[in-house]
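Residue strings, one per chain:
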Amino acid sequence: MRNFEKPYPSLNIADYSHIFKVNERFKCDSCKKNRKFFCYSCSIPHPEITVPNIKLPFKIDIVKHRQESDGKSTSCHAKMLAGSQVNIYEYPNIPDYEEEKEDCVLIFVSPKAVDVKSLFKGCRKLELKENYGLEKGYRIGTLLTKNLKEIVDEEKQQEVFLNSNKSEEVYTLDNLPFKKVVFIDSTWKQCRGIYQDQRIQALSTVIIQNRITKFWRKQKGAPNWFLSTIEAIHQFTLEFHVNAWGISKSYYDKCLKDFQLLNTDWIPEDKIISHDTQQNELTTPYNGQHDNLLFFFSFVHSLIHSLDNPNQPLPKNNNE
């Protein structure tokens, strides 16, 4: 009988096989409710679970719709793993982002959204001109199959961006293009409503690359690249790291396939670093430094699929 297939078999995710051995529920110190593996309302793991400690190069705010069920959300995964660097707010009780718009960006598909690569070139928004030949009702920035590269050629793309003449620089934790990233945790329909809030609209919007979701609760009628919140956080963090410090060639060759990215054109050859890098160094080429963001996601994925396939054994420790 074969081992149960993990969602990301090649990634640098800490072993989570010990979580399957947790049998007793625990009482959450905060809300006093009994939970099995972690309290999804308070972002507190079971005391018997060993949780990886992730250090991020920026802070994260997650804005949750009030109707988004805690039990169905993956926002708590980020809070449990990155601790003080992650804040979760229930809309409409959110900060006034107008006051920090220069140091903060919003991950959201808007008509003026730019990709992560453009952020590092100094571009904060698109300047749309006559919709660039798209049919009526279609906009650059919507989650469609068309993108800017398919609509205008490389030379004309330079006319689309504002402030796109920023020179290449060496990035440290002190000179990044932003200090905080905001994610909206809701369905797409709910998300559009939150985006209308003036406090949110003050922020520049950024889009991430399409990759196939491995979330077990897919939105009805949504394409398979609609990611769960923790998947989106990981994808943005990956793209950020690649643009700031590159990606290890060994990780690029062996691990990137796990994400089922629709394309890898956003990774230029000069960002693929051939020499070996240490996995835990924050500002070295990406070699799995943030893969543990998917620690709880991978566990729940394996757990749910084990229930679907009860005759297959649970994942084993990689060292066994």
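You'll find the structure just up there.
These numbers were taken from a predicted model, which means no experiment stands behind them.

Details of the environment of Ile 19
Move 1: Positionally, Ile 19 belongs in the segment before strand S1 (26-27).
Move 2: Distance in space between the C-alpha atoms of Ile 19 and Thr 50 is 8.3 Å, their sequence separation being 31 residues.

Describing the side chain of Thr 213
Move 1: Residue position: Thr 213 is located in the loop between strand S10 (204-207) and helix H7 (229-245).
Move 2: On the basis of relative accessibility, which here comes to 7%, the residue Thr 213 falls in the buried class.
Move 3: Separated by 3.0 Å, the side chain of Thr 213 and the backbone nitrogen of Phe 215 make a polar contact.
Move 4: Among the polar contacts made by the side chain of Thr 213, one reaches the side chain of Glu 231 at a distance of 2.7 Å.

A short note on H7
Move 1: Over its 17 residues, H7 extends 24 Å from the first C-alpha to the last, a length consistent with the 24 Å expected when each residue adds 1.5 Å.
Move 2: Among the 17 residues that make up H7, 17 are buried, leaving the element largely enclosed by the rest of the structure.
Move 3: Once H7 finishes, Gly 246 follows within two positions and takes phi at roughly 85°, a positive value.

So, the nonpolar core
Move 1: In terms of nonpolar packing, the biggest core is built from 61 residues, with Phe 236 and Phe 259 touching the most fellow members.
Move 2: Those elements giving two or more residues to this core turn out to be strand S5 (59-64), helix H1 (75-82), strand S7 (104-107), helix H2 (116-119), strand S9 (180-185), H7 and helix H9 (295-308).
Move 3: Of the residues forming this core, the biggest block, 9 residues, is contributed by H7.

So, the pairing of S10
Move 1: Of the strand pairs in this sheet, S7 and S10 are connected by 3 bridges, and their pairing is parallel. Its bridge partner being in S10, Val 105 is matched across the sheet by Ser 204.
Move 2: Where strand S8 (residues 114-115) meets S10, 2 bridges bridge the pair, whose relative direction is parallel. From the neighbouring strand, Asp 115 faces S10, where its bridge partner is Ile 207.

What counts as what
Counting of residues starts from 1 at the beginning of each chain's written sequence and follows it residue by residue. Selection of residues for local features in this predicted model requires a pLDDT of at least 70, selection of side-chain atom pairs for listing and counting requires 80 or more, and totals for whole chains, interfaces and linings are taken over all residues. Each side-chain value is derived from all of the structure's non-hydrogen atoms; neither hydrogens nor water enter the calculation. Secondary structure is summarised from DSSP: a helix means a run of H or I of at least four residues, a strand means a run of E of at least two, and numbering begins at the N terminus for each. The buried label goes to any residue with under 20% of its type's maximum accessible area, the exposed label to any with over 50%, and the partly exposed label to all in between, with areas taken from a 1.4 Å probe on protein chains only. Polar contacts, as used here, are pairs of N or O atoms within 3.5 Å; protein pairs need one atom able to donate a hydrogen and one able to accept it. Residues neighboring in sequence count only if both atoms are side-chain atoms. Here the expected length of a helix is defined as 1.5 Å per residue gap, with one fewer gap than residues. As used in this record, nonpolar core signifies buried Ala, Val, Leu, Ile, Met, Phe, Trp, Tyr and Cys residues forming a set joined through side-chain atoms within 4.5 Å. Strand pairing is assigned whenever DSSP detects at least two bridges linking the two strands.

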